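# Survey of secondary and tertiary structure
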Amino acid sequence: KVPMLLVFGDHISDVPTFTNWTSTLANCRRFVRQLVDVGGDATMLHLPEAGLKGNSHMLMQDLNNLKVADLLLGWIDKHVEKGG
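I will try to describe carefully the structure that is included in this document. (Residues numbered from 1 in each chain as written. Predicted model: local features only at pLDDT ≥ 70, side-chain atom pairs only at ≥ 80, totals over all residues. Heavy atoms only, no water.)

## Some words on the packing of aromatic side chains
Under the counting rule described, the total for this entry stands at one aromatic pair. For the ring pair Phe8 and Trp21, a centre distance of 6.4 Å and an interplane angle of 70° mean the geometry is edge-to-face. Taken together, the residues span a long stretch of sequence, with Phe8 in strand β1 (residues 4-8) and Trp21 in helix α1 (residues 21-37) at a distance of 13 residues. Under the relative-accessibility criterion, Trp21 is labelled partly exposed at 26%. (Phe/Tyr/Trp six-rings, centres within 6.5 Å; stacked < 30°, edge-to-face > 60°. Helix = DSSP H or I, 4+ residues; strand = E, 2+ residues; numbered from the N terminus. Buried < 20%, exposed > 50% of the residue type's maximum accessible area, 1.4 Å probe, protein only.)

Now the structure itself:
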């Protein structure tokens, strides 16, 4: 199985775009639950819930990008097979 990680920041409702990010976050949470329920390896990482605040949709361009990268690397270490 292929592991999947979906990542959201916290500034999802204050950016007027064609996308409703609040409902997109809810849909992604539902999608992750459905994948896990059928045996998939999926994770929803909402940065504020992980203790990181102040992120836009450009996570790796935000000021705390190294902290975001650390979370991603930690997830990769736990979910991606080494070697190969």
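Having seen the model, we can carry on.
## Comments concerning α1
In this model α1 runs 24 Å from its N-terminal to its C-terminal C-alpha over 17 residues, within 8% of the 24 Å that 1.5 Å per residue would give. Three or more residues of α1 are buried, namely Leu25, Cys28 and Val32. Across the axial projection of α1, the buried residues extend over an arc of 60°, all falling on one side. On its buried face, α1 is in contact with β1 and β2 (42-46). Measuring from the side-chain oxygen of the N-cap residue of α1 to the backbone nitrogen of Thr22 gives 3.1 Å; that N-cap residue is Asn20. Phi turns positive one or two residues past the end of α1, at Gly39, with a value near 95°. (Expected span 1.5 Å × (residues − 1). Arc of directions from axis to C-beta. Contact = heavy atoms within 4.5 Å. Polar contact = N/O pair within 3.5 Å; in protein donor to acceptor, adjacent residues only side chain to side chain.)

## Focus: the pattern of salt bridges
What the rule picks out here adds up to one salt bridge. Between Arg29 and Glu49 there is a salt bridge, with its nearest N and O atoms 2.7 Å apart. Note that Arg29 is positioned in helix α1 and Glu49 in the loop between β2 and α2 (65-79), a separation of 20 residues in sequence. A relative accessible area of 55% means that Glu49 is categorised as exposed. (Salt bridge = Lys/Arg side-chain N within 4 Å of Asp/Glu carboxyl O.)

## A look at the environment of Phe31
With respect to the helices and strands, Phe31 occurs in helix α1. In sequence terms Phe31 and Met44 are 13 residues apart; their C-alpha atoms lie 9.3 Å from each other.

## Here we look at the nonpolar core
Side chains of a nonpolar character, in soluble globular proteins, are inclined to be buried together. Counting residues in each nonpolar core, the largest one holds eight residues, listed as Leu6, Phe8, Ile12, Leu25, Cys28, Val32, Ala42 and Met44. When contributions to this core are tallied by element, the ones reaching two or more residues are β1, α1 and β2. Per element, the largest residue contribution to this core is three residues, and it comes from α1. If sequence neighbours within four positions are ignored, Met44 has contacts with Leu6, Phe8, Leu25, Cys28, Arg29 and Val32. Core analysis: the next-biggest nonpolar cluster, separate from the first, contains five residues, Leu45, Leu52, Leu59 and Val68 among them. (Core = buried A, V, L, I, M, F, W, Y, C linked by side-chain atoms within 4.5 Å.)

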